[in-house]
Structures are given as C-alpha cells and as structure tokens.
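The residues making up each chain are set out below.
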Amino acid sequence: MKDVNGVEIYEGDILEDQDDHTHWLVYFSEGAFVGSCTDIEESLGDLTGMPIFSNVHETTEEGHND
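Keep in mind that what you see is a predicted model, and the values were worked out from it rather than measured. (Residues numbered from 1 in each chain as written. Predicted model: local features only at pLDDT ≥ 70, side-chain atom pairs only at ≥ 80, totals over all residues. Heavy atoms only, no water.)

(A) Spotlight on the overall build of the protein chain. Check the secondary structure of the protein chain and you find 0 helices and 5 strands. Mapped from its N terminus to its C terminus, the protein chain presents α and β elements in the order β-β-β-β-β. Expressed as a percentage of its 66 residues, the buried residues of the protein chain come to 36%. Put simply, 46% of the contacts in the protein chain that link residues at least 6 apart link residues at least 24 apart. Carbon and sulfur atoms form 46% of the exposed surface of the protein chain, whose accessible area is close to 4400 Å². (Helix = DSSP H or I, 4+ residues; strand = E, 2+ residues; numbered from the N terminus. Buried < 20%, exposed > 50% of the residue type's maximum accessible area, 1.4 Å probe, protein only. Contact = heavy atoms within 4.5 Å. Areas by Shrake-Rupley, 256 points an atom, 1.4 Å probe, with all protein chains shown as cover.)

Okay, structure coming up:
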C-alpha cells in the first residue's frame, strides 16, 4: 500500500492524520497490516489517505504522539 504521496508504507511507519495531527503506528496483526492510535486500531486500507510522518527507527519519544 502507498500513502497519500505515493510512498510505500511499511511496518513500523508512522502515519499522521493532517486534520488532528494524531499519529498511527503501522504493524502486522492477525494476518493483516493495521494502524494503531492510542486504543484505536484501523485497517491500513482506511489510513492510506495520510502521509508518512516518520518510522519507529527515526522517531524519538518526544516525536511520537501516543
């Protein structure tokens, strides 16, 4: 899958909702890629309209919105 800018999304990427600036962590769960924000989990297909903000390898604790 690709983000809103056409960049491929990988496990560990963090997507940013441009409306409320929440961050969604992408990971593999129960046979599918999903995004998680706080206690909410969504299918990756529902999140492809967001750009990649960062990934778990680049983001520090201060840069991650739990």
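Having put the structure on the table, let's press on.
(B) Molecular detail of a negative patch on the surface. A contiguous patch of negative charge on the surface is contributed by Glu-30, Glu-41, Glu-42 and Asp-46. Its relative accessible area of 81% is what places Glu-30 among the exposed residues. (Patch = residues over 30% accessible without salt bridge, like charges linked within 9 Å, V, L, I, M, F, W, Y side chains within 5 Å. Salt bridge = Lys/Arg side-chain N within 4 Å of Asp/Glu carboxyl O. Lys, Arg positive; Asp, Glu negative; His and termini not counted. Charge placed at Lys NZ, Arg CZ, Asp CG, Glu CD.)

(C) Representation of the pairing of strand E1 (residues 13-16). A two-sided burial pattern is seen for E1, the buried positions comprising Asp-13 and Leu-15 on one face and Ile-14 and Glu-16 on the other. Bridge count between E1 and strand E5 (residues 52-55): 3 bridges; the pairing is antiparallel. Within E5, the residue paired with Leu-15 across the bridge is Ile-52. Sheet topology note: the E1/strand E2 (residues 23-29) ladder contains 3 bridges and is antiparallel. Bridged to Ile-14 within E2 is Leu-25. Between E1 and the antiparallel strand that follows it, E2, lie 6 residues; His-21 among them carries a positive phi value of about 60 degrees. (Pairing = 2+ DSSP bridges.)

(D) Seen up close, the environment of Val-4. For Val-4, the location among the structural elements is in the segment before E1. Through-space distance from the C-alpha of Val-4 to that of Pro-51 is 5.3 Å; in sequence the pair is 47 residues apart. Among residues more than four places away in sequence, those in contact with Val-4 are Thr-48, Gly-49, Met-50 and Pro-51.

No statement about biological role is implied by the geometric values presented.
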